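For reference, the chains in residue letters:
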Amino acid sequence: MEPYIQGRGSQLNPTNRFETQSKEVYVDDLPTQEEREELLTTNPRTKYIEVFPKTIINKVDSPDIGPAWSMNPYQGCEHGCVYCYARNSHQYWGYSAGMEFEQNILIKKNAPELLEEVLISKKWKAESIMLSGNTDCYQPAERKLGITRKLLQVFLKFMHPVGIITKNSLVERDIDILTELAKHRLVSVTLSLTTLDEKLKRTLEPRTSTAKGVLRTINRLSTAGIPVNVNVAPIIPGINDEGIFDVVKAVAENGASSAMYIVVRLNGHNGLIFEDWVTKNFPDRANKVLNQIKNMHDGKLNDSNWGRRMRGEGKFAELIRMQFHLARQKYLSGRSIPPTNYDLYEDARNKIIIENHGDKNQLKLF
């Protein structure tokens, strides 16, 4: 049996579904000693690869989420969450949904400039834009590159609303900008928290912040007046479903304004990756976990149907729904995220154009 790769979620590299051929790499065929050592190591290093997109926002048409736009300064994610639905999107870039999703991170340094191009256009009307709809905008690469911080500065400059979804306490670094946005109801932060069990969390999502760290972040953001929603996701029967009440209670005690949940669904190659992970980490209950997941999705590990894919069906899905409803009713009753303000953007944009060109007549050119 191959050694377990510590610090990584996936232990597999399934063949990219767009590739017509697969290949095997032999150590002796690699040209340098550095490459040979990396192939043999139990903790492969992460590569950061700069790409140069021409656009940065993507339309989200999912009825489960509602009309919105998303932007992802990074593709691939070093957090390594074994269940992550975004893994399959890495195949469009020529990589696998497995370890390569965690090891090969594509970075978009020109994202702030591309966002400015969108927001300066008179064709653009203020709409919801999410950071991030696919991969985490505060993953480890952000600590050094700061692309997300620059994006937030653009949103503040244009007084345009933005939503943030992350698992990383690094969001605390940007409290100064987030506080200014929050004063005008231009931001909300969603922090994902799957469990309070630190050992389970390290195995399930190895490079995310600790549960203690996430609770601290919820507290610091909410204390600063920044609305915080918590996504208890995904809930996996037989793995973290018993902790629903404890998680909701803990986030409420730390100031969260709301909470939601999503049940696990293993789309594409995620089924292979998760099945391998649960077998290696929980061999005594792997079959039970997999069967309970299938029970929620009409006998399959995944359900892509709008409206039910995030909630599931069947007795386990109903049990989760009831538990979460009671927990939210008990600990978060009366709390909510304030409505987003879309009214400041147009004046801010026009002011920027005038400042840049010094002539109100120039407005009609944009």
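The residue numbering used here restarts from 1 in each chain and proceeds along that chain's sequence as written. In keeping with the predicted nature of the model, local features appear solely for residues at pLDDT of at least 70, side-chain atom pairs appear and are counted solely at 80 or more, and the whole-chain, interface and lining totals rest on all residues. To obtain the side-chain values, all non-hydrogen atoms of the structure were included, while hydrogens and water were left out.

Remarks on the packing of helix 11 (residues 286–296) against helix 12 (residues 315–331)
Part 1: Between helix 11 and helix 12, the shortest axis-to-axis distance is 7 Å and the interhelical angle comes to 85°. In terms of orientation, helix 11 lies roughly perpendicular with respect to helix 12. Along the contact surface, helix 11 presents Q292, N295 and M296, while helix 12 presents K315, F316, A317 and I320.
Part 2: Taken together, the residues of the contact of helix 11 with helix 12 sort by class into four nonpolar, two polar and one charged. Axis geometry follows a simple rule: fit a line to the C-alpha atoms, using only the stretch in contact for helices, then measure angles between N-to-C directions, giving values from 0 to 180 degrees. The helix and strand labels rest on DSSP assignments: H or I over at least four residues marks a helix, E over at least two residues marks a strand, and numbering proceeds from the N terminus. Here is the rule for angles: anything less than 35 degrees is roughly parallel, anything more than 145 is roughly antiparallel, 65 through 115 is roughly perpendicular, and the remaining ranges are oblique. Here a residue-residue contact requires only that any non-hydrogen atoms of the pair lie within 4.5 Å. Gly is placed with the polar residues, together with every amino acid not listed as nonpolar (Ala, Val, Leu, Ile, Met, Phe, Trp, Tyr, Cys and Pro) or charged (Asp, Glu, Lys and Arg).

Looking at the environment of I57
Part 1: With respect to the element layout, I57 can be found in strand 2 (residues 57–60).
Part 2: Looking at I57, the relative accessible area reads 13%, which means it is buried.
Part 3: As a C-alpha pair, I57 and N72 span 15 residues in sequence and 7.7 Å in three-dimensional space.
Part 4: In this structure I57 touches W69, S70, M71, V118 and W124, once residues within four positions along its chain are discounted. For each residue, the accessible area found with a 1.4 Å probe, counting protein chains only, is set against the maximum for its type, and the residue is called buried under 20%, exposed over 50%, and partly exposed in between.

Some points on the packing of aromatic side chains
Part 1: Only centres within 6.5 Å qualify two rings of Phe, Tyr or Trp (six-membered ring in Trp) as a pair; their planes then separate them into stacked at under 30 degrees, edge-to-face at over 60, and tilted for everything else. Under the defined criterion, the tally for this structure stands at four aromatic pairs.
Part 2: Here the aromatic rings of Y261 and F324 are separated by 4.9 Å at their centres, their planes lie at 45°, and the arrangement is tilted. Of this pair, Y261 sits in strand 10 (residues 258–263) while F324 sits in helix 12, placing them 63 residues apart in sequence. We note that Y261, like F324, is buried.

Topic: the sheet that holds strand 9 (residues 228–235)
Part 1: Strand pairing is defined by DSSP finding a minimum of two bridges between the two strands. Here seven strands make up an open sheet; going across it, the order is 2-3-6-7-8-9-10 and the pairing mixed. In this open sheet, the two strands that pair with only one neighbour each are strand 2 and strand 10. With direction set aside, neighbouring strand axes in the sheet form an average angle of 25°.
Part 2: Relative to strand 8 (residues 187–192), strand 7 (residues 162–166) runs parallel, the two being bridged by five bridges. Looking at the pairing, T166 lines up with L191 of strand 8.
Part 3: Contacting strand 3 (68–71), strand 6 (129–131) and strand 7, helix 5 (residues 147–158) crosses the sheet at an angle of about 155° to strand 6.
Part 4: Helix 6 (residues 175–183) rests against strand 7 and strand 8 of the sheet, and its axis sits at about 125° to strand 8.

Side note on the packing of helix 3 (residues 111–120) against helix 5
Part 1: Direction vectors running N to C along helix 3 and helix 5 enclose 20°, while the axes themselves pass 9 Å from each other. Taken together, the axes of helix 3 and helix 5 lie roughly parallel to each other. Here helix 3 and helix 5 pass one another in a crossing that is right-handed. Contacts between helix 3 and helix 5 pair A111, P112, L115, E116, L119 and I120 from the former with I147, K150, L151, V154, F155, K157 and F158 from the latter.
Part 2: Of the residues in the contact of helix 3 with helix 5, the class split is 10 nonpolar, no polar and three charged. Crossing handedness is defined as follows: a turn of the near helix away from the far one that is anticlockwise and smaller than a right angle gives a left-handed crossing, while the clockwise case is right-handed.

A short note on the nonpolar core
Part 1: Core analysis: the largest hydrophobic core is formed by 93 residues, its most contacted members being L178 and F274.
Part 2: Once residues within four sequence positions are removed from consideration, L178 is found in contact with L152, I164, V171, V187, V189, L221 and I226. Among buried residues, those of type Ala, Val, Leu, Ile, Met, Phe, Trp, Tyr and Cys that are joined through side-chain atoms within 4.5 Å constitute a nonpolar core.

Here we look at the confidence of the model for the protein chain
Part 1: The quantity known as pLDDT measures the predictor's confidence residue by residue, on a range of 0 to 100. Across the protein chain, the average pLDDT comes to 90, with 89% of residues at 70 or higher.
Part 2: Under a pLDDT of 50 for its full length, residues 22–27 has, in the predicted model, seven contacts with residues more than four places off or in other chains.

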